[in-house]
Amino acid sequence: MIDLRSDTVTRPTPAMREAMSRAAVGDDVWGDDPTVAAFEAAVARRAGKAAGLFFPSGTQSNLAALLTHCQRGDEFIAGQHSHIYRDEGGGAAALGGIQAQPLEHALDGTLPVDKVQAAIKGEDIHHARTRLLALENTFRGKVLPEGYAERATAVARAHGLATHLDGARLFNAAVASGRPLAVLCQGFDSVSLCFSKGLGAPVGSVLLGDEAFIARARRWRKTLGGGMRQVGILAAGCDHALEHHVERLAEDHDHARQLAEGLADIAGIEVQACETNMVFLGVPEADCAALQECLAARGIQAAVGVTTRLVLHLDVTDDDVPRIVAALRDYFDRSGV
Ligand SMILES: *Cc1c(COP(=O)(O)O)cnc(C)c1O
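Residues numbered from 1 in each chain as written. Predicted model: local features only at pLDDT ≥ 70, side-chain atom pairs only at ≥ 80, totals over all residues. Heavy atoms only, no water.

Draft legend 1. Spatial organisation of helix H1 (residues 14-22). Listing the buried residues of H1 in full gives Met-16, Ala-19 and Met-20. For H1, the angular spread of buried residues about the axis comes to 100°, placing them on one side. Exposed side chains of H1 directed beyond 90 degrees from the buried face belong to Pro-14, Arg-17, Ser-21 and Arg-22. Packing partners of the buried residues in H1 comprise helix H11 (232-244). (Buried < 20%, exposed > 50% of the residue type's maximum accessible area, 1.4 Å probe, protein only. Helix = DSSP H or I, 4+ residues; strand = E, 2+ residues; numbered from the N terminus. Arc of directions from axis to C-beta. Contact = heavy atoms within 4.5 Å.)

Right under this line is the structure:
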């Protein structure tokens, strides 16, 4: 089965399982797990931040960041379609009493800096206190344009806001743009990175920030039930990914480009490539169910909708790409669209 629904579907490789099985462990709630401590430090070093904290999911890492930056009655600015606003179960509101101020994205995925500035509320008892700007990189597979994060975080800082980056796929952004991870993290008070997406680990995210921020986030992690015990076993999988699966993200990006090129001239679907590991297809509504079935019959799992996201990852091989192209071409040739 070729699974293109997400890059979360990757399974740990034999070498990763081997590394996990060898991990030295201790009770991480007591700060005793050497593998977790070394991994957190390695990620922090690479990202140019002072400290890191290991989480079971990106959702919990983002939520702990929100809870650490904001008090009840505060608000954070985020994209209308950002994961932290739209895809995390309303955790900020449900668990933190924090409200979102969502903003529409520009075509390139950014939140226009003038709109960010206009959304920041002045000191007035009618308003929630605007405390935080949260950005996402990559957003829908797109790398934030060079210079944008610097401008946006500068405006936030000038108004006394903290800044958070949801970098679930920031390694993809680094590899695609050739800019070091630490450069992409610059200007943000906190950054969340995922190891369970294209990097191929079964579990794990890291929240980064300065020592004081991470100390406070550690309290929230415990409160949220994210204090884990002999969790070096999981951190070892993430560490293996950090050592062996970062540069290879370029293969996923190549596969995405090959896929987009292979589909570009099919009449009836609109193909949008991006510079990382996703291809977006505009599919006529009438074709969605039949296309999904046709792909499944050829061993390809995809969540087909009017906007279909195909995600390339570690478990999609060089040989799979032409098979995916052929299956899609076949469907549209036969349906005579
Ligand atoms: C996957 C993802 C997360 C975190 O997701 P978890 O499934 O909770 O690890 C956060 N932000 C973005 C943009 C993501 O894609």
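Draft legend 2. Representation of the side chain of Glu-75. Tracing the chain through its elements places Glu-75 in strand S3 (residues 74-79). In terms of polar contacts, Glu-75 uses its side chain to reach the side chain of Gln-99, at 3.1 Å. Leaving out residues up to four positions away in the same chain, Glu-75 has contacts with Ile-98, Gln-99, Gln-101, Ala-119, Lys-121, Ala-128, Arg-129, Thr-130, Arg-131 and Leu-132. (Polar contact = N/O pair within 3.5 Å; in protein donor to acceptor, adjacent residues only side chain to side chain.)

Draft legend 3. The arrangement of the packing of aromatic side chains in detail. Using the criterion set out here, one finds four aromatic pairs in the structure. Between the aromatic rings of Phe-39 and Phe-54, the centroid separation amounts to 5.8 Å while the plane-to-plane angle is 90°, which identifies the pairing as edge-to-face. Highlighted residues: Phe-39 in helix H2 (residues 34-47) and Phe-54 in strand S2 (residues 51-55), separated in sequence by 15 residues. The pair formed by Phe-39 and Phe-54 is uniform in burial state, with each residue classed as buried. (Phe/Tyr/Trp six-rings, centres within 6.5 Å; stacked < 30°, edge-to-face > 60°.)

Draft legend 4. Molecular detail of the pattern of salt bridges. In this structure the tally under the stated criterion is 13 salt bridges. A salt bridge links Glu-18 to Arg-22, with the shortest nitrogen-to-oxygen separation between them at 3.3 Å. Separated by four residues within a single helix, Glu-18 and Arg-22 lie in helix H1, roughly one turn from each other. For Glu-18, a relative accessible area of 41% puts it in the partly exposed group. Judged by its relative accessible area of 57%, Arg-22 is exposed. Across the pair Arg-257 and Asp-254 runs a salt bridge, and its minimum N-O distance is 2.3 Å. Note that Arg-257 and Asp-254 are positioned in helix H12 (residues 249-263) at a spacing of three residues, about one turn of the helix. Judged by relative accessible area, Arg-257 falls into the partly exposed class, the value being 44%. Given the relative accessible area of 32%, Asp-254 is considered partly exposed. (Salt bridge = Lys/Arg side-chain N within 4 Å of Asp/Glu carboxyl O.)

Draft legend 5. Representation of the domain arrangement of the chain within the structure. Per the domain assignment, the segments of the chain are domain 1 (14-245) and domain 2 (248-335). If you average the C-alpha positions of domain 1 and of domain 2, the two centres end up 29 Å apart. Interface of domain 1 and domain 2: buried area, both sides summed, is about 1,200 Å²; carbon and sulfur atoms make up 63% of it. Ranked by residue count, the leading element in the side of domain 1 that touches domain 2 is helix H8 (residues 170-177), at four residues. Among the residues making up the side of domain 1 that touches domain 2, the classes are represented as five nonpolar, seven polar and three charged. (Domains from an automatic or database assignment. Buried area = accessible area lost by both parts, 1.4 Å probe. Nonpolar A, V, L, I, M, F, W, Y, C, P; charged D, E, K, R; others polar.)

Draft legend 6. Representation of the environment of Ala-149. With respect to the helices and strands, Ala-149 occurs in helix H7 (residues 148-158). In the structure, Ala-149 is positioned 93 residues away from Leu-242 in sequence and 24 Å away in space, judged by C-alpha atoms.

Draft legend 7. Quick peek at the nonpolar core. If you look at the biggest cluster of nonpolar residues, it comprises 50 residues, and the most contacted ones within it are Phe-39, Phe-54, Leu-133, Leu-170, Phe-171, Leu-193 and Phe-195. With six residues, H2 is the largest single contributor of residues to this core. In this structure Leu-193 touches Val-43, Gly-167, Leu-170, Phe-171, Leu-181, Ser-205, Val-206 and Leu-208, once residues within four positions along its chain are discounted. Counting 28 residues, the second-largest nonpolar core is a separate cluster that includes Leu-4, Leu-281, Val-283 and Val-316. (Core = buried A, V, L, I, M, F, W, Y, C linked by side-chain atoms within 4.5 Å.)

Draft legend 8. Layout of the UniProt feature "domain: Aromatic amino acid beta-eliminating lyase/threonine aldolase" (unreviewed entry) in the chain. On the UniProt side, "domain: Aromatic amino acid beta-eliminating lyase/threonine aldolase" (unreviewed entry) is annotated at positions that read residues 3-283 here. Counted over residues 3-283, helix gives 42% and strand 18%. Its end C-alpha atoms are 18 Å apart. (UniProt positions renumbered as here; feature names shortened; annotations may be inferred.)

Draft legend 9. Looking closely at helix H10 (residues 211-223). Taking 1.5 Å of rise per residue, 13 residues should cover 18 Å, and H10 covers 19 Å from first to last C-alpha, within 8% of that figure. Inspection of H10 places Phe-213, Ile-214, Ala-217 and Arg-221 among the buried residues, and these make up the whole buried set. For H10, the buried positions fall inside an angular range of 90° around the axis, keeping them on one side. Summarising the geometry of H10, the exposed residues directed more than 90 degrees from the buried face are Glu-211, Arg-219 and Thr-223. Buried residues along H10 sit against H2, S2, helix H3 (58-69), strand S7 (190-194) and strand S8 (205-209). The first or second residue beyond H10 is Gly-225, which carries a positive phi of 85°. (Expected span 1.5 Å × (residues − 1).)

Draft legend 10. Up close: the packing of H8 against H12. At their nearest, the axes of H8 and H12 sit 9 Å apart, and the two run at 75° to each other. Judged by the angle between their axes, H8 and H12 are roughly perpendicular. In this structure, H8 uses Phe-171, Asn-172, Val-175 and Ala-176 to contact H12, whose residues at the interface are Leu-249, Ala-250 and His-253. Split into classes, the residues belonging to the contact of H8 with H12 amount to five nonpolar, two polar and no charged. (Axes fitted to C-alpha atoms, helices over the stretch in contact; angles between N-to-C directions. Parallel < 35°, antiparallel > 145°, perpendicular 65-115°, else oblique.)

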